[in-house]
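Secondary and tertiary structure notes
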Amino acid sequence: MKTKNIFQYLLGGVIVVGFFLLLYFLIFSGVPDTNKDLLNLVVGALIGSFATVVGYFYGSSAGSAAKTELMVNNKKPE
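In short, a report on the structure.

Details of the overall build of the protein chain
Along the backbone of the protein chain there are 3 helices and 0 strands. Listed N to C, the secondary structure of the protein chain is α-α-α in terms of helices and strands. For the protein chain, with 78 residues in total, the buried portion stands at 10%. Of the roughly 6,600 Å² that the protein chain leaves accessible, carbon and sulfur atoms contribute 67%.

Comments concerning the nonpolar core
Within the largest apolar cluster, 7 residues are counted, these being Ile15, Phe19, Leu22, Val43, Leu46, Phe50 and Val53. For this core, the element with the most residues is helix H2 (residues 36-58), which contributes 4 residues. For Val43, the contacting residues outside a window of four places in its chain are Leu22 and Leu26.

Details of the environment of Val16
Structurally, the position occupied by Val16 is in helix H1 (residues 3-28). You can call Val16 partly exposed: its relative accessible area is 25%. Here the alpha-carbon distance between Val16 and Ala51, two residues 35 residues apart in the chain, equals 9.4 Å. In this view, Val16 contacts Phe50 and Val53; residues no more than four positions away in its chain are not counted.

A closer look at the packing of aromatic side chains
Per the stated rule, a full pass over the model turns up 5 aromatic pairs. With a centroid separation of 5.6 Å and an interplanar angle of 70°, the aromatic rings of Tyr24 and Phe25 are classed as edge-to-face. A relative accessible area of 46% places Phe25 in the partly exposed class. Centre to centre, the rings of Tyr24 and Phe28 are 4.9 Å apart; their planes meet at 50°, and the pair counts as tilted. Remark: Phe28 and Tyr24 occur in helix H1; sequence separation between them is 4 residues, near one turn of the helix. Pairwise contacts between aromatic rings join Phe19, Phe20 and Phe50 into one cluster.

Calculation rules
- Residues numbered from 1 in each chain as written.
- Predicted model: local features only at pLDDT ≥ 70, side-chain atom pairs only at ≥ 80, totals over all residues.
- Heavy atoms only, no water.
- Helix = DSSP H or I, 4+ residues; strand = E, 2+ residues; numbered from the N terminus.
- Buried < 20%, exposed > 50% of the residue type's maximum accessible area, 1.4 Å probe, protein only.
- Areas by Shrake-Rupley, 256 points an atom, 1.4 Å probe, with all protein chains shown as cover.
- Core = buried A, V, L, I, M, F, W, Y, C linked by side-chain atoms within 4.5 Å.
- Contact = heavy atoms within 4.5 Å.
- Phe/Tyr/Trp six-rings, centres within 6.5 Å; stacked < 30°, edge-to-face > 60°.

That is the geometry; function is a separate question.
The following block contains the structure:
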């Protein structure tokens, strides 16, 4: 496996785990009023990143990447 692929999977995993951890803490703990604006900003950014990760791994980007890899591996020698 290429280093780029390992980094993509690792970063994707960190974002997904972070999303669910933050969601858990938001549900089961109170947020001080002084930190609500900052928390809203962080949650919004994390939701956007989570959506991007899910879109890449399960959307059309995954199919496109698989097609490109297949084309590269099946290239006939000249």
